[in-house]
Amino acid sequence: MTQQQVIEKTIQFVKTQLQNAEGGHDWFHIERVWKNAKLIAQGEDCTTAVVELGALLHDIADSKFHDGDETVGPQVAREFLETLELPEDIIAHVENIIKYISYKGGQQSKEFTSKELDIVQDADRLDAIGAIGIARTFNYGGFKNRSIYDPSIAPDLRMTKEEYKKSTAPTINHFYEKLLLLKDLMNTETGKRVAQQRHDYMLGFLDQFYAEWNGVRNDYFYF
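Asker: Mind showing me how you'd approach the overall build of the protein here?
Answerer: A count of helical and extended segments in the protein gives 10 helices and zero strands. Going residue by residue from the N terminus, the α and β elements of the protein occur as α-α-α-α-α-α-α-α-α-α. Relative to the globule expectation of 17 Å for 223 residues, the C-alpha radius of gyration of the protein, 18 Å, shows essentially globular dimensions. Each principal axis of the C-alpha distribution contributes one length, and for the protein these read about 60 × 35 × 30 Å. Look at the contacts in the protein between residues 6 or more apart in sequence, and 64% of them connect residues 24 or more apart. Roughly 11,800 Å² of accessible area belongs to the protein as shown, and the carbon and sulfur atoms make up 49% of that amount.

Asker: I tried to follow the packing of helix H2 (residues 27-41) against helix H6 (residues 115-126) on my own but got confused; where do I start?
Answerer: Packed helices, taken two at a time, are described by the angle their axes make and the gap between the axes. With their axes 8 Å apart at the nearest point, H2 and H6 run at an angle of 130 degrees to one another. Judged on the interaxial angle alone, H6 and H2 are oblique. For the crossing formed where H2 meets H6, the hand is right-handed. Two secondary-structure elements touch here, H2 through His29, Val33, Asn36, Ala37, Ile40 and Ala41 and H6 through Ile119, Val120, Asp122, Ala123, Asp124 and Leu126. For the contact of H2 with H6, a count of residues per class yields eight nonpolar, two polar and two charged.

Asker: Help me understand a nonpolar patch on the surface in this model?
Answerer: Residues Leu157, Leu181 and Leu185 make up a contiguous nonpolar surface patch of roughly 260 Å² in combined accessible area. Mapped onto the elements of the fold, Leu185 is located in the loop between helix H9 (171-177) and helix H10 (189-214).

Asker: I tried to follow H2 on my own but got confused; where do I start?
Answerer: Note: α-helices contain 3.6 residues per turn, so residues at a spacing of three or four share the same orientation. Helix length check: H2, at 15 residues, gives a terminal C-alpha distance of 21 Å against a target of 21 Å (1.5 Å per residue), a fit within 8%. Elements that come into contact with the buried residues of H2 comprise helix H1 (3-17), helix H3 (48-57), H6, helix H7 (130-143) and H10.

What counts, and at which threshold
- Residues numbered from 1 in each chain as written.
- Predicted model: local features only at pLDDT ≥ 70, side-chain atom pairs only at ≥ 80, totals over all residues.
- Heavy atoms only, no water.
- Helix = DSSP H or I, 4+ residues; strand = E, 2+ residues; numbered from the N terminus.
- Rg over C-alpha atoms; globule rule 2.2 N^0.38 Å.
- Contact = heavy atoms within 4.5 Å.
- Areas by Shrake-Rupley, 256 points an atom, 1.4 Å probe, with all protein chains shown as cover.
- Axes fitted to C-alpha atoms, helices over the stretch in contact; angles between N-to-C directions.
- Parallel < 35°, antiparallel > 145°, perpendicular 65-115°, else oblique.
- Left-handed = near helix turned anticlockwise from the far one by under 90°.
- Nonpolar A, V, L, I, M, F, W, Y, C, P; charged D, E, K, R; others polar.
- Patch = residues over 30% accessible without salt bridge, like charges linked within 9 Å, V, L, I, M, F, W, Y side chains within 5 Å.
- Salt bridge = Lys/Arg side-chain N within 4 Å of Asp/Glu carboxyl O.
- Expected span 1.5 Å × (residues − 1).

Here's what the structure looks like:
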């Protein structure tokens, strides 16, 4: 089976598995991450097959939608990849990308490292910031029935991994607890450059949000 055939079969598998997924973690999220990963990989010395498979399968069973169980995704991916009769080293590599890609409050230790993980992680983080990141954040906040903003609830930057996973804080807090921190956690030079532009866009959005919330004029938008 050629690499292209493997990728095509993986795409069909992911589309089927995620056909009823929440809007921020559906096939279109996977597709964007896959495209980002391929873009970043062009400037890196890496195994492209692992990058593409890792990107396509990184959210195949997100723990947020499986009662916090972080073993489901890697297991589902492994079982699928075994049906394609891929070499064990590739299967294990993709499995480790899925295990170690997530942010989880910034408390995730790097027990496994590889250039391919760095690339897929950057690609996934890019989809969490900028205009798409803003849209996904509010989509997920609505999915979890969280308030948009509550001035009396301050962001908590000292949460443990478990506290972060269980947080029910207003959606705006998520910008400070994760999104605005991602720029400085990027691994690749391409990821860093793209992240900076998306980071700046989010800062502009927050300025406008607070101006509208407080009923004041945001002079940045008036000339």
